[in-house]
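What the coordinates show
So you can see what is in the structure, the chains are spelled out below.
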Amino acid sequence: MQAIDQPFYTGLATRIFIFAIVVSSLNLILGYGGMVSFGHAAFLGSGAYTVGILSLEATKQIGLLPGTESAWIAWPAAAFTGGLLALVIGAFSLRTRGIYFIMITLAFAQMLYYIFVSLKMYGGDDGLNLTSRSQFGLGIDLDDDRHFYYVVLALCAATLFGMHRLVHSRFGRVIEGIRENEARMQAIGYATTRYKLVCFAIAGALAGLGGALLANQNLFVSPNMMSWFQSGSLLMMLIVGGVGCLWGGPIGALVFLVLEEVLSAYTQRWQFVMGAALIGIVLFAPRGIVGAFKRRGD
């Protein structure tokens, strides 16, 4: 508990829980749905920009709605934006398969990246600064790092619980069945595209919520949140943690972000060492860290 009183550890733990939410959302479509998306950062960035834009408009006192600086408005709006964007992108992307699906999700993410780079009214390539974190009420001050940490922790726990219920529900079983053999699921009467689209939208909404939290932690949003590099980082976190494992997202985010912090403290070439470490994890634990332990327990 003493670490909670140290800003660095509190900030790092908060960041890990935020990315645990985002990587878990990617796990829903990749690990359980079998949809390899290389544009998941688009939903993360859209959620972050939703909070940033609402905060900016509220500061100008010409907000789209009164009270848009409130977390009870801004965060659901970010999740809705991520889900709606995923619904639109999924409607096009799910018409394709394999490498074509991967490339079209990447193309959509890059389109959004360049759109926000060109929006000078919202900072363009320089990004957008937030003056303060969202207002939560109920005696909770999100500008206090400890309060913000506990709120993020609660949302992460709720996300994992919700995912556990979802993947063990009838919907989750259908999604896993589609991943294993889509033709057979179609033959027994399931509208597989509709199920995959709903799954894609749920993942987009969770990633949008993660983007809202990340924007609040950093007090800054940038088009780089939507870049292919960010999508690749999310994918790597999931592979390290364990694709198709409920705890794959949180464990992958923990290992990746802690390694990043530790290595960058010792060498400027930390990315090279990080790459070697991640390659080692993938080679010796191809199912990820969580998958390796599951194998031992079988």
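Above this text you will find the structure in question.
So, how was this worked out
- Residues numbered from 1 in each chain as written.
- Predicted model: local features only at pLDDT ≥ 70, side-chain atom pairs only at ≥ 80, totals over all residues.
- Heavy atoms only, no water.
- Phe/Tyr/Trp six-rings, centres within 6.5 Å; stacked < 30°, edge-to-face > 60°.
- Helix = DSSP H or I, 4+ residues; strand = E, 2+ residues; numbered from the N terminus.
- Buried < 20%, exposed > 50% of the residue type's maximum accessible area, 1.4 Å probe, protein only.
- Lys NZ or Arg CZ within 6 Å of the ring centre and 35° of its normal.
- Expected span 1.5 Å × (residues − 1).
- Axes fitted to C-alpha atoms, helices over the stretch in contact; angles between N-to-C directions.
- Parallel < 35°, antiparallel > 145°, perpendicular 65-115°, else oblique.
- Left-handed = near helix turned anticlockwise from the far one by under 90°.
- Nonpolar A, V, L, I, M, F, W, Y, C, P; charged D, E, K, R; others polar.

Quick look at the packing of aromatic side chains
For the structure on display, the rule yields 13 aromatic pairs. Relative to Phe136, the ring of Trp75 has its centre 6.1 Å away and its plane inclined at 50°; by these criteria the two rings are tilted. Here Phe136 lies in the loop between strand S1 (128-129) and helix H5 (145-167) and Trp75 lies in helix H3 (residues 71-93), a separation of 61 residues in the sequence. Judged by relative accessible area, Trp75 falls into the buried class, the value being 6%. Ring plane angle 75° and centroid distance 5.0 Å describe the contact between Tyr113 and Tyr114, whose orientation is recorded as edge-to-face. Through a chain of ring-to-ring contacts, three or more aromatic side chains come together here, namely Phe17, Tyr149 and Tyr150. Here Arg133 stacks its cationic end above the ring of Phe148, 4.5 Å away from the centre of that ring.

Here we look at helix H4 (residues 98-118)
With 21 residues, H4 extends 31 Å from end C-alpha to end C-alpha; this agrees with the ideal 30 Å at 1.5 Å per step. Of all the residues in H4, the buried ones are Phe101, Thr105, Leu106, Phe108, Ala109, Gln110, Leu112, Tyr113, Phe116 and Val117.

Details of the packing of helix H1 (residues 7-32) against H5
Packing of H1 against H5 brings their axes to within 9 Å, and their N-to-C directions diverge by 20°. Between H1 and H5, the crossing angle belongs to the class labelled roughly parallel. As for how H1 packs across H5, the hand of that crossing is left-handed. A per-class count over the contact of H1 with H5 returns 17 nonpolar, 4 polar and 2 charged.

Description of the environment of Gly232
Locating Gly232 in the fold gives a position in helix H9 (residues 228-241). According to the relative accessible area criterion, Gly232 is partly exposed, its value standing at 23%. When the C-alpha positions of Gly232 and Phe38 are compared, they lie 6.8 Å apart, and in sequence the two are 194 residues distant.

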